[in-house]
Amino acid sequence: MGAWNRRWCERILSFCGLCLLAIAFVIGLGVVMHLLGLSRLVDFERSYWLVGRAITFNSLMGLQVLLFSMAIMLALAPVLLLDRHVRVDVLHGRLSRRGQRWLEMVGHLGFALPFFGFLLLPAWRFVERAFLTGERSTDGGLNDLYVIKALLPLGIVMVLVALLIAITCLLRGRTPREVAHG
């Protein structure tokens, strides 16, 4: 994987962490609006991308969903490549390094690659339909909901690329983590 790719993975994960921090700020802002009895925070004279003509309590809730979606979908691939994901299987820790690599190869080829591969087309159609119909919130929330939905196929593509990188590393006899850390 190399140091260059590891730095990119770390940058993406840092961005995801900032998204999670921003969620806390947006939630806090929503709580203050609720306590003050405000349903609209700011009104604009013209319409802006994503928020329309106002920032409302409902658009803040939509922003939480957007930030959470970004944090989760963008973090999947770097977490896989840096081998920071949670392992549920009880075999992995008991196997030799070679056995662990074999088990990961079976998991990637037999489960993860087909799952994310089959998920990509429906995810793309989900976004395409939202874009073509101009889907937007009906309760004063966010406009352009395709932006939130587009994070699904983006994250899937990133995971597929990460899986191909991981499989390539495993075929060369090393895990992505071993390649990343020399």
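Report on the accompanying structure. (Residues numbered from 1 in each chain as written. Predicted model: local features only at pLDDT ≥ 70, side-chain atom pairs only at ≥ 80, totals over all residues. Heavy atoms only, no water.)

Quick word on the pairing of strand β1 (residues 40-48)
- Pairing geometry for β1 and strand β2 (residues 52-56), over 4 bridges, is antiparallel. Bridge pairing in β2 links valine 42 to isoleucine 55. (Pairing = 2+ DSSP bridges. Helix = DSSP H or I, 4+ residues; strand = E, 2+ residues; numbered from the N terminus.)

Quick word on the nonpolar core
- The biggest cluster of nonpolar side chains holds 34 residues, and the ones touching the most others in it are Leu66, Leu67, Met70, Phe116, Ile156 and Leu163.
- Listing elements by their share of this core, those giving two or more residues are α1 (2-36), α2 (57-81), α3 (97-132) and α4 (146-171).
- Per-element tally for this core: the top contributor is α2, with 11 residues.
- With residues up to four places along the chain from it excluded, the contact list for leucine 67 reads Cys19, Ala22, Ile23 and Val26. (Core = buried A, V, L, I, M, F, W, Y, C linked by side-chain atoms within 4.5 Å. Buried < 20%, exposed > 50% of the residue type's maximum accessible area, 1.4 Å probe, protein only. Contact = heavy atoms within 4.5 Å.)

A word on the pattern of salt bridges
- Across all of its chains, the model carries 3 salt bridges by this definition.
- The salt bridge partner of glutamate 10 is arginine 84, with a shortest N-O separation of 2.4 Å. Pair noted here: glutamate 10 is in helix α1 and arginine 84 is in the loop between α2 and α3, with a separation of 74 residues, a long-range link.
- Judged by relative accessible area, which is 29%, glutamate 10 ranks as partly exposed.
- Residue arginine 40 pairs with aspartate 43 through a salt bridge whose shortest N-O separation is 2.8 Å.
- You can call aspartate 43 exposed: its relative accessible area is 52%. (Salt bridge = Lys/Arg side-chain N within 4 Å of Asp/Glu carboxyl O.)

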